[in-house]
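Tertiary structure, described
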Amino acid sequence: MSNIESYEKAKNDFSWDIARDVLNWKDGELLNIGAMCSDRICDRGDADKTALIWEGFGDRKEKYTFNDLRIYSNGFAQFLKAQGIEPGDRVCIFMDKIPSLYFSFLGILKLGAIAQPLFSAFGDESLEVRLASANTKAILTTRKHVRKVRKIKDKLPELKNIIVVEGDPAKLKEGEVFFDVESAPKIEEFDVFKSDSESPSVLHYTSGTTGQPKGALHVHSSVWGQALTTSWVLDLKDDDIYWCTADPGWVTGTSYGIIGPWVLGTTQCVLDSGFTSSRWYQFIQDNKISVWYSAPTAIRALMKDGNELVGKFDLSTLRHLASVGEPLNAEAVIWSGEVFNGLQFHDTFWQTETGAMMITNFPGMEIRPGSMGMPFPGISASVLDLESHEPVTEPGKVGLIAFRPGWPSMFRSYWKQPDIYRSKFVGATEDAMPDELRMNPELWYVSGDRASIDKDGYYWFVGRDDDVINTGGHLVGPFEIESALVEHEAIAEAAAVGKPDEVNMEVVKAFVTLKPGYEPSDDLELDIMNFIRKRLSPLAMPQEIEYMDRLPKTRSGKIVRRYLKAIEWGEDVGDISSLSDE
Ligand code: PRX
């Protein structure tokens, strides 16, 4: 039987207090995610239960119990404290999915500091922008990635502690500290920070359509949203072996790759190696994975490798599949039902800002392939008319996905950017403070996506309402790419848009004009691609560069991405009368 017995009943009888019951939580207990995911699970008698099954490149394999989680997170908390890190300080985690990433995340929270996880494939410029924005005080990284930190550290006066958590300590440079938690003395006791429901916990950077990325700030009470959605939607039970394929550099990897499963005391698996379909199937088979949360791009890549390959593995332990991050096409849902013993991927929709799932397919509910499902009980959702911003009443009519504020895992602000936070709420007064906005049930938080609702209440994703590019489930901001492009010596002006892609949904395409003295060539194209890959990330790297004599602009000189994007997607370019013909 699934944890959510009936969607209708759950909706009618809903209260967020149910999350406390699910966790058997008593008033007065310590509300600290770091401790709740480790110490508390030990206290309930599961100290020896496996918390993490980890596999890396080659044959590397490790297992850790909840007691290990407790001790190693204490180790990080104690070490950071000794380094002078205080509650509220931002501590960046910049490493591959190695076990220390998971221990340090919990340790930072136990200390009361704010965890700022960043995707390890980020180049130095992406890293710099985010560390500068958050005034980050410490960074935890590895020998492989510390080179990027060295390049930028002189430009970050507030970055005081560079901590390398594995590798050879003899190779460190001046000002860097080595800390390997597994070989350091075991810390049995740590005085965990007494966070309250509004104490900041995690700062995740996400890309918007204009300007540099913004830091979405979360708090310790986000755990209620993460716990209940994990229980009801991912349906985790005590004996499940769960695998979330996301990297904790992105919100799925923390909300459902750390917090949700561990606060429930579930065993989870992490695979820190490159993607191949057979490696993934092998991983499921070897570890007897039962619940699997992944992303459409990965599912489409598996699909491309064919049904025969699936048949070579014993995947009979799987019992529930879910997906997030980008539109899950109907074919992928149907295919998964055919090859995984009748199990279809359950699509879930949410965002960095929402902190937890908002629109979902539930176990036991009829899946309509291609639909994102229905709002999570307790979430008041709608689509708003594109013009009037009033809820759309007509089934099938496209509008903006919007939510009434007030759910526990909702972001509390964009770091140092209250105006942008405010701009996400329809109906907000000009001087409203973040706290007033997030508690006001008369406003709508607008997600930036378009969808329609059918007559039975199922949500159907249509597309983004802005220029943000979604490549393989990762958002990249066109502005960030364009700013980096124009730093290239040959480029005068640039525009970046999403171009359709069979597997990744979108990839980045750049349109550029060159400075006098530079000629278009394949070599230059390659050079520009590498320039972006190194500075930003492989995700942001344009897969194609088109040389233009001039870029389409408004009469006031603003580059019109919309026009370029419409051409890429073969869509109507709309009204272009306002474009400059200069
Ligand atoms: O555009 C939507 C898309 O991903 C965006 C959120 O990205 P991010 O903040 O990085 O968080 C990703 C994982 C939670 C959304 O605004 N998106 C997310 N889930 C879906 C989706 N698009 C279509 N269908 C989904 N299920």
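This text goes with the structure placed above it.
Now for a look at the structure at hand. This structure is a prediction, so every number in the text was calculated from the model and none was measured. (Residues numbered from 1 in each chain as written. Predicted model: local features only at pLDDT ≥ 70, side-chain atom pairs only at ≥ 80, totals over all residues. Heavy atoms only, no water.)

Let's shift gears to the nonpolar core. If you look at the biggest cluster of nonpolar residues, it comprises 107 residues, and the most contacted ones within it are Leu-80, Phe-105, Leu-140, Trp-262, Tyr-293, Phe-376 and Phe-403. Mapped onto the domain boundaries, this core takes at least three residues apiece from domain 1 (7–379) and domain 2 (382–465). Discounting residues that sit within four places of it in the chain, Leu-140 has contacts with Phe-76, Leu-80, Val-91, Cys-92, Ile-93, Phe-94, Met-95, Ser-104, Ile-108, Ile-163 and Val-165. (Core = buried A, V, L, I, M, F, W, Y, C linked by side-chain atoms within 4.5 Å. Buried < 20%, exposed > 50% of the residue type's maximum accessible area, 1.4 Å probe, protein only. Domains from an automatic or database assignment. Contact = heavy atoms within 4.5 Å.)

Near the ligand you find 18 residues, and of these Asp-347, Thr-348, Gln-351, Thr-352 and Asp-449 are the closest. At 2.9 Å, a side-chain N or O of Asp-347 approaches a nitrogen atom of the ligand. For the shell around the ligand, the secondary structure elements donating two or more residues are helix H10 (251–263), strand S14 (345–349) and strand S22 (459–464). Looking at which element gives the most residues to the shell around the ligand, the answer is S14, with three residues. Each residue belonging to the shell around the ligand can be placed in one class, and the counts come to eight nonpolar, six polar and four charged. (Near = heavy atom within 4 Å. Polar contact = N/O pair within 3.5 Å; in protein donor to acceptor, adjacent residues only side chain to side chain. Helix = DSSP H or I, 4+ residues; strand = E, 2+ residues; numbered from the N terminus. Nonpolar A, V, L, I, M, F, W, Y, C, P; charged D, E, K, R; others polar.)

This brings us to the layout of surface pockets. As a volume, the second largest pocket reaches approximately 360 Å³. Taken together, 16 residues make up the lining of the second largest pocket; nearest its centre are Trp-54, Arg-60, Ile-98, Pro-99 and Glu-166. When contributions to the lining of the second largest pocket are tallied by element, the ones reaching two or more residues are strand S2 (61–65) and helix H6 (99–111). A per-class count over the lining of the second largest pocket returns six nonpolar, two polar and eight charged. (1 Å grid on protein atoms, 1.4 Å probe; cavity = no way out; pocket = protein on both sides within 12 Å on 5 of 7 lines; lining within 4 Å. Points joined across faces, edges and corners; volume = space filled by probe spheres on them.)

Now for a nonpolar patch on the surface. Taken together, the side chains of Leu-386, Val-398 and Val-462 make up a nonpolar region of the molecular surface, amounting to roughly 200 Å² of accessible area. Among the structural elements, Val-398 can be located in the loop between strand S17 (381–384) and strand S18 (399–403). Residue Val-398 is classed as partly exposed on the basis of its relative accessible area, which comes to 30%. (Patch = residues over 30% accessible without salt bridge, like charges linked within 9 Å, V, L, I, M, F, W, Y side chains within 5 Å. Areas by Shrake-Rupley, 256 points an atom, 1.4 Å probe, with all protein chains shown as cover. Salt bridge = Lys/Arg side-chain N within 4 Å of Asp/Glu carboxyl O.)

Pairing is possible between side chains of opposite charge, provided their charged atoms come close. On inspection of all chains with the given rule, the structure shows 43 salt bridges. Between Lys-61 and Glu-55 there is a salt bridge whose closest N-O contact spans 3.4 Å. Overall, Glu-55 belongs to the buried group, its relative accessible area being 6%. For Asp-385, the salt bridge goes to Lys-397, with nearest N and O atoms at 2.9 Å. One end of the pair, Asp-385, is in the loop between S17 and S18; the other, Lys-397, is in the loop between S17 and S18, with 12 residues separating them in the sequence. Under the relative-accessibility criterion, Asp-385 is labelled buried at 14%. Each of Glu-366, Arg-368, Asp-454, Lys-455 and Asp-456 takes part in salt bridges that share partners, so that together they form one network.

One pass over the full model with this rule turns up three cavities of 30 Å³ or more. Taken together, 15 residues make up the lining of the largest cavity; nearest its centre are Phe-122, Arg-130, Ser-207, Val-476 and Glu-480. Of all elements in the fold, only helix H7 (124–134), strand S8 (200–206), strand S24 (474–476) and helix H17 (478–485) reach the threshold of two or more residues within the lining of the largest cavity. Its residues assigned to classes, the lining of the largest cavity comprises eight nonpolar, five polar and two charged. Looking at which domains feed residues into the lining of the largest cavity, each of domain 1 (7–379) and domain 3 (467–582) supplies at least three.

The subject of this paragraph is the sheet that holds S14. Here we have nine strands laid out as an open sheet, ordered S2-S1-S11-S10-S12-S13-S14-S15-S16, and mixed in their pairing. Each having just a single partner strand, S2 and strand S16 (374–375) make up the two edges of the open sheet. Relative to S2, strand S1 (residues 50–56) is paired through five bridges, and the arrangement is antiparallel. Along S2, the bridge assignment pairs Trp-54 with Glu-62. Each of S1, S2, strand S10 (241–244), strand S11 (267–272) and strand S12 (291–294) touches helix H11 (residues 277–287); the most contacted strand, S11, lies at about 150 degrees to it. (Pairing = 2+ DSSP bridges. Axes fitted to C-alpha atoms, helices over the stretch in contact; angles between N-to-C directions.)

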